[in-house]
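The residues making up each chain are set out below.
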Amino acid sequence: MSTPQQRTERISLLKEVTGIEDDGTATHLLNKNAWDVQHAVQEYLSGGSGTQAPTSIPPSSSTNGHVRRRSTSPGSERRIRARQQQLMQQQREGGGGGGGGEFDDSMMMGGGEEDNAPLLGRSGSVTGGGGGAAAMEVEGGGAGRVGGGGGASSLVALPFHLAGSVLRTLLAPVRYITGSGGDGEMHDPKRAAELFIEAYEKQYHCAPNEGGGGGGGAGGARPRPRFLPLSFHEATRLAAREQKFLVVYLHAPLHEHTPSFLSQILNTDTLTSFLDDNLVVWGGSIHSADAYHTSQLLDASAFPFLALLACHDAPHLTVLEHMEGLGGDGGREGGIGVEGVLQRLTAAMARQQEVLARQEAAMRERTERIRLQEEQNREYQEALEADRKREADLAAERERVKEEEEREKKMMEEANEERERKRREAAERTMMIKARLPAEPPMGDKAALRLRLQFPHGKKMDRRFDRDDTLQVVRDFIDVSVAEAEEEGWGDGSRKLVNYSLSTPYPKRTFGEEEVGKTLAEVGLHSADTIYIQDLDA
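For every chain, the first residue of its written sequence is number 1, and the numbers climb from 1 along that sequence. Restriction of local features to residues with pLDDT of at least 70 applies here, the model being predicted, together with a cutoff of 80 or more for giving and counting side-chain atom pairs; totals for whole chains, interfaces and linings are based on all residues. The side-chain numbers reported here are obtained from all heavy atoms of the structure, hydrogens and water having been left aside.

(A) Just the confidence of the model for the protein chain, in detail. Of the residues in the protein chain, 67% reach a pLDDT of 70 or more, and the chain-wide mean stands at 74. The lowest-confidence element of the protein chain is helix α4 (residues 74-94), averaging 47 in pLDDT; the highest-confidence one is strand β4 (residues 280-285), averaging 96. Each residue carries a pLDDT score, the predictor's own confidence in it, on a scale running from 0 to 100. We call two residues contacting when some pair of their heavy atoms lies within 4.5 Å. This stretch, residues 49-84, has a pLDDT under 50; its non-local contacts, to residues over four places away or in other chains, come to 80 contacts. The low-confidence segment residues 175-186 (pLDDT under 50) makes 28 contacts with residues lying over four places distant or belonging to another chain. What counts as a helix is a DSSP run of H or I of at least four residues, what counts as a strand is a run of E of at least two, and both are numbered from the N terminus.

If you want it as structure tokens, here you go:
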């Protein structure tokens, strides 16, 4: 069901094509034909609407902003009207060389080998046709028949069949927009590409190069590029995978320069060999949805249109070169000829190769810079790790030294404590010994013995003892004297006298442990005797 906006657009289109001025008449005619513009036009021209058909068909104009005027040029429309009048005149004069026949009312792709080839032709021969190519059916639509024999009904119906054929040609882009196509093939991009290739070969008697090395197509036909039977999107993906440039040809069947462009440029051995050997080629008729949207994407403003694309990862495309309004005549404006097309294509490819080379060099430089940076980072990390390890080793060494110092300090403290404890014990013992040591007898005491004590370090000390004192008293005096000597600092300081023995030189005698309890008289000591003190630990 069409929307009010679509109905308004179709009413305007019908009025512009048929010349109807009344909106009510146009609305009534579209209602009768389920809002199908083509059927409404055909009914109007055949007299079904009850009004007089116009004597001429006005050129179509763009509708709803989707059909561009460049799809049909004024020159092609003039040629269509001129051909229509020529065929009608031939019918009036006697049947057009064949006495009436069957006319093909399908849309024509354009001329064949000649630039002035007719856009409308007969399925058989046409008098004065002069080498025109066969017609190609693009959107469908049955062929109208003109009865043989040249009767009055045939003469009356012929202009309307011809008008319908012309209108179908002019309205071919409109049928896609309004959705009134027949079988919907042109809405399937892949099927549209296949139909385009089939119609292209049939219309222009061409075929792909055998072996890709030039020399014409198969069976003596003219060469043509190896168009991909794919949608435009699939063609870009294929070109990206194969890392090749993509050439896009947008075919405008009704354009007046299309036949000369194809015969003198695109379908030549030189260009087809170059395209097949170096590039990927995709083509499509702008009357198909895929090619129409491609023309919008590439902003095509004139035809014939040829573009060179660099296909990156989807959906990125780069238009390297585009050529619009091309024609076979190198002398006219836009007609650069096959050498000009080749030159522009090769120049664009060379520029892109330079860009790619610069990008690759920049990529290598960036990769090298990244590698150097990563190497520097790795070396920095290794140096940092070495510093961390060295710092950790130093910290461990400092910790070990600290622990050693603390252990030594503790040992010294323990040793000092032990010495202090021994000193205190020795001091206590000395005090006990000193407390029990008898007082020295006074001078002149007849019972006293004066003994000389000679210490190991050479110091001599005289002291009086009572005859009845034991050797233990002498030893106690020596211990007290040694302790006091250490405190006063008169000892040698090298060794403390702990274990020692007592002896006399004359008579030579050493007093043992068993004699410490005997008195001095009992061991035979006399006054003025010398007692040597010998250090047993020395």
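(B) Helix α7 (residues 189-204), seen in detail. By this rule, a helix spans an expected 1.5 Å times one less than how many residues it contains. When the terminal C-alpha atoms of α7 are compared, their 22 Å separation across 16 residues agrees well with the 22 Å that a helix rising 1.5 Å per residue should span. We call a residue buried when its accessible area falls under 20% of the maximum for its residue type, exposed when it is over 50%, and partly exposed in between, using a 1.4 Å probe and counting protein chains only. Regarding α7, the residues found buried are A192, A193, L195, F196, I197, A199, Y200, Q203 and Y204. Looking at the buried positions of α7, the neighbouring elements they touch are β1 (206-208), β2 (222-224), β3 (245-251), α9 (258-266) and β4. Positive backbone phi, approximately 50 degrees, marks H205, located one or two places after α7.

(C) Local environment of the nonpolar core. Residues Y200, Y249, L266, L271, L275 and L308 are the most contacted members of the largest nonpolar core, which totals 30 residues. Where this core is concerned, the elements lending two or more residues are α7, β3, α9, α10 (269-278), β5 (305-311), β6 (317-324) and α12 (337-436). Top contributing element to this core by residue count: α12, with six residues. Not counting residues within four places of it along the chain, the set of residues in contact with L271 comprises I265, L266, V338, V341, L342 and L345. Judged by nonpolar contacts, the second largest core, of 22 residues, contains L451, F455, M461 and I478. Working definition of a nonpolar core: buried Ala, Val, Leu, Ile, Met, Phe, Trp, Tyr and Cys residues. They are joined through side-chain atoms within 4.5 Å.

(D) Structural view of the sheet that holds β3. An order of β4-β3-β5-β6 is seen for the four strands of this open sheet, with the pairing classed as mixed. Strands at the two margins of the open sheet, each flanked by one partner only, are β4 and β6. When the angles between neighbouring strand axes are averaged without regard to direction, this sheet yields 20 degrees. Two strands qualify as a pair provided DSSP detects at least 2 bridges between them. Relative to β6, β5 runs antiparallel, the two being bridged by seven bridges. Opposite L309, over in β6, you have V319 as the bridge partner. Along the sheet, α7 makes contact with β3 and β4, crossing β3 at roughly 65 degrees. Under this scheme, a helix contributes an axis fitted over its contacting stretch, all axes are lines through C-alpha atoms, and angles between N-to-C directions fall in the 0 to 180 degree range.

(E) Inspection of the packing of α10 against α12 at higher detail. Relative orientation of the contacting elements α10 and α12 amounts to 20 degrees, with a least axis distance of 10 Å. Between α10 and α12, the interaxial angle falls into the category roughly parallel. Handedness of the crossing formed by α10 with α12: left-handed. Every residue of α12 that contacts α10 at T270, L271, F274 and L275 is listed here: V338, V341, L342, L345, T346 and M349. Note on terminology: angles under 35 degrees are roughly parallel, angles over 145 are roughly antiparallel, angles of 65 to 115 are roughly perpendicular, and the others are oblique. Crossing handedness: left-handed means the near helix sits turned counterclockwise from the far one by under a right angle, and right-handed means the same turn made clockwise.

(F) Geometry of the pairing of β4. For β4, the buried fraction is high: six of the six residues fall into the buried class. Burial of the side chains of β4 extends over both faces: V280, W282 and G284 are buried on one face and V281, G283 and S285 on the other. When β3 meets β4, the two strands line up parallel, connected through six bridges. Paired with V248 across the bridge in β4 is W282.

(G) The arrangement of the pattern of salt bridges in detail. Any Lys or Arg side-chain nitrogen located within 4 Å of an Asp or Glu carboxyl oxygen qualifies as a salt bridge. Enumeration over the complete set of coordinates arrives at 27 salt bridges. The residue E201 makes a salt bridge to R224 at a minimum N-O spacing of 2.6 Å. Of this pair, E201 sits in helix α7 while R224 sits in strand β2, and the two are 23 residues apart along the sequence. Take R224: its relative accessible area is 5%, and that puts it in the buried class. The partner of R421 in a salt bridge is E425, and the shortest N-O contact between them spans 2.4 Å. Taken as a pair, R421 and E425 lie in helix α12 at a separation of four residues, close to a single helical turn. Its relative accessible area of 36% is what places E425 among the partly exposed residues.

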